[in-house]
Amino acid sequence: ISPSYGVKSMPAVVNHEERRQQIARIAADLISSVGLDAMTMREIAAAAGFSTTIVTHYFANKRELMLYTYRASVEHAQARVDAVIARDACDLPASIEALLPFDESSLKDWKVFLAFWQIAQVDPDFAAEQRAQAANADSILRRVLMARAAAGRGLNEADVDATSRRLLVFIVGLAVQAVFDTVGWSPQAQRAFLKSELRLLAGAE
């Protein structure tokens, strides 16, 4: 068989969404370890082994990348909750645990959330995104609470809206404490505190 001289090899096919997700994961790692201010497009490119040009091909600027990274972290939390609800639509404690910084992955997500809040204080578009995601978290809690009410598990339907708002505030407060004090608010400490508070907030065990 004669060699095929002059035939160029085909370029590797790049999945653009996978590449964007890869860059976002690196951005989340940098936010978690060095903070938002120290995270630059150049740092992300270096961590990924890319040129800065490749990173800016997928994200025009740091603002765009930050928004994508934030939404990716929200999707991680959503997936954890969805998995719980698929097993038991009434499992309020496990649903809340899925939203808390219980492991390295969810702790990283919360560090991204906190960094995003810094931008949302001064950027109306980011503030609107933050409100939308808070509303989504509230919707998740209401869905579980409604399922519990329908099953006669310690809550009336009339109390669902107020209870979901109280639980959302509780989750945010506990998560912030756990981000800044991972020893004092270990997963075991969070779970114990959650169990005691749920008896007061939602009549749940």
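Each remark here, short or long, concerns the structure printed above.
Computed from a predicted structure; not experimentally measured. (Residues numbered from 1 in each chain as written. Predicted model: local features only at pLDDT ≥ 70, side-chain atom pairs only at ≥ 80, totals over all residues. Heavy atoms only, no water.)

J.: Please explain the packing of helix α4 (residues 62-87) against helix α5 (residues 92-99) as it appears in this structure.
T.: Packed helix pairs are characterised by how far apart their axes lie and by the angle those axes make with each other. At a minimum axis distance of 8 Å, the contact between α4 and α5 shows a crossing angle of 165 degrees. In terms of orientation, α4 and α5 fall into the roughly antiparallel class. As for the relative orientation of α4 and α5, their crossing is right-handed in sense. From α4, A77, R80, V81, V84 and I85 reach across to α5, where they touch A94, S95, A98 and L99. Split by residue class, the contact of α4 with α5 holds seven nonpolar, one polar and one charged. (Axes fitted to C-alpha atoms, helices over the stretch in contact; angles between N-to-C directions. Helix = DSSP H or I, 4+ residues; strand = E, 2+ residues; numbered from the N terminus. Parallel < 35°, antiparallel > 145°, perpendicular 65-115°, else oblique. Left-handed = near helix turned anticlockwise from the far one by under 90°. Contact = heavy atoms within 4.5 Å. Nonpolar A, V, L, I, M, F, W, Y, C, P; charged D, E, K, R; others polar.)

J.: Hey, could you run me through the packing of helix α6 (residues 104-120) against helix α7 (residues 124-150) in this one?
T.: Look at α6 against α7: their axes get within 8 Å of each other, and the N-to-C directions meet at 135 degrees. Our classification of the angle between α6 and α7 gives oblique. When α6 is examined against α7, the residues F116, W117, I119 and A120 are found in contact with a partner set consisting of F126, A127, E129 and Q130. Class assignment for the residues of the contact of α6 with α7 results in six nonpolar, one polar and one charged.

J.: Before we go on, may I ask you to explain α7 in this structure?
T.: A turn of α-helix holds 3.6 residues, and therefore any two residues three or four places apart point the same way. Taking 1.5 Å per residue, 27 residues should reach 39 Å; α7 reaches 38 Å between its end C-alpha atoms and fits that length. Among the residues of α7, those classed as buried are F126, A127, E129, Q133, A137, D138, I140, L141, V144, L145, R148 and A149. On its buried side, α7 packs onto α4, α5, α6 and α8 (160-180). By the N-cap criterion, in which a side-chain oxygen at the helix start approaches the backbone nitrogen of a residue two or three places on, α7 is capped by D123, the distance to D125 being 2.9 Å. Among the residues trailing α7, G152 stands out with phi positive, at a value near 70 degrees. (Expected span 1.5 Å × (residues − 1). Buried < 20%, exposed > 50% of the residue type's maximum accessible area, 1.4 Å probe, protein only. Polar contact = N/O pair within 3.5 Å; in protein donor to acceptor, adjacent residues only side chain to side chain.)

J.: Whenever I open this one, α5 confuses me. Can you help?
T.: Most of α5 is tucked away: eight of the eight residues are buried. If you check which residues of α5 are buried, you get L92, P93, A94, S95, I96, E97, A98 and L99. Residues of α5 that are buried sit in contact with α4, α6, α7, α8 and α9 (187-201). Here α5 starts with a cap whose side-chain oxygen sits 3.1 Å from the backbone nitrogen of A94, and that cap is D91.

J.: Sorry if this is basic, but what is going on with the side chain of S73 here?
T.: For S73, the location among the structural elements is in helix α4. Judged by its relative accessible area of 1%, S73 falls in the buried class. A distance of 3.4 Å separates polar atoms of two side chains, one belonging to S73 and the other to D109. S73 has contacts with D109, V112 and F113, leaving out every residue within four places of it along the chain.

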